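Summary of the model geometry
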Amino acid sequence: MSDVLNYHDDCLFCKIIKGDIPSAKVYEDERCYAFRDINPQAPTHVLVVPKTHIGSCAEITGDNAALVAHIFTVVARIAQQEGLTGGYRVVSNVGPDGGQTVPHLHFHILGGRSLSGQMG
Ligand code: AMP
Ligand code: ZN
């Protein structure tokens, strides 16, 4: 159970961070939370989210850039923890055309198989 800054009542990932909806936790600190995707697209599929509600990459500004940079250090740490020595992919879908289904900023970490090929 964690506090969510700028909590949105109707946001699935705010509810997951708060512990109102269960999730398989992979990593947590005071600024971000990581958990396994419920519908994995690769052997490792982890989502990393800030503990404050930011809608998507489109809302990254100078004010929250340090938080986003921190999340990328966590991405690297999780990839190491998950043993993704052969590499991995980091994805953040933005808006309807980007295929975003949950409007709370999240970074997918995908790995554990070869992902070479089509990007989109
Ligand atoms: P996106 O489509 O980029 O917005 O990513 C949203 C991701 O959230 C999808 O990959 C879903 O499988 C995942 N997802 C949806 N609900 C849950 C949940 N309750 N627990 C874990 N992952 C979820
Ligand atoms: Zn949210």
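Heads up: the structure comes first, above all this text.
Conventions adopted
Residues numbered from 1 in each chain as written. Chains lettered and ligands numbered in written order. Predicted model: local features only at pLDDT ≥ 70, side-chain atom pairs only at ≥ 80, totals over all residues. Heavy atoms only, no water. 1 Å grid on protein atoms, 1.4 Å probe; cavity = no way out; pocket = protein on both sides within 12 Å on 5 of 7 lines; lining within 4 Å. Points joined across faces, edges and corners; volume = space filled by probe spheres on them. Nonpolar A, V, L, I, M, F, W, Y, C, P; charged D, E, K, R; others polar. Salt bridge = Lys/Arg side-chain N within 4 Å of Asp/Glu carboxyl O. Buried < 20%, exposed > 50% of the residue type's maximum accessible area, 1.4 Å probe, protein only. Helix = DSSP H or I, 4+ residues; strand = E, 2+ residues; numbered from the N terminus. Pairing = 2+ DSSP bridges. Axes fitted to C-alpha atoms, helices over the stretch in contact; angles between N-to-C directions.

Turning our eyes to something else, we now look at the layout of surface pockets. Considering only enclosed or pocket space, the largest pocket measures out at about 280 Å³ in volume. Considering the residues around the largest pocket, the lining is formed by Gln41, His45, Arg89, Val91, Asn93, His108, Leu110, Arg113, Leu115, Gln118 and Met119. Grouping the constituent residues of the lining of the largest pocket by class yields 4 nonpolar, 5 polar and 2 charged.

This part covers the pattern of salt bridges. This structure, assessed with the given rule, holds 5 salt bridges. Across the pair arginine 31 and glutamate 30 runs a salt bridge, and its minimum N-O distance is 3.8 Å. With a relative accessible area of 61%, glutamate 30 lands in the exposed category. For glutamate 82, the salt bridge goes to arginine 36, with nearest N and O atoms at 2.9 Å. One end of the pair, glutamate 82, is in the loop between α2 (65–81) and β4 (88–91); the other, arginine 36, is in strand β2 (residues 32–36), with 46 residues separating them in the sequence. Residue glutamate 82 is classed as partly exposed on the basis of its relative accessible area of 21%. For arginine 36, a relative accessible area of 38% puts it in the partly exposed group. Sharing partners across several salt bridges, the network here consists of Lys25, Glu28 and Lys51.

As a further point, take the sheet that holds β2. Taken together, the 5 strands give an open sheet; going across it, the order is β1-β2-β3-β5-β4, and neighbouring strands pair in antiparallel fashion. Both edges of this open sheet fall to β1 (25–28) and β4, since each of them pairs with a single strand only. Averaged over all adjacent pairs, the angle separating strand axes in this sheet is 20 degrees, with direction ignored. Strand direction decides the pairing type here: β4 and strand β5 (residues 107–111), joined by 4 bridges, are antiparallel. Paired with tyrosine 88 across the two strands is glycine 111, which belongs to β5.

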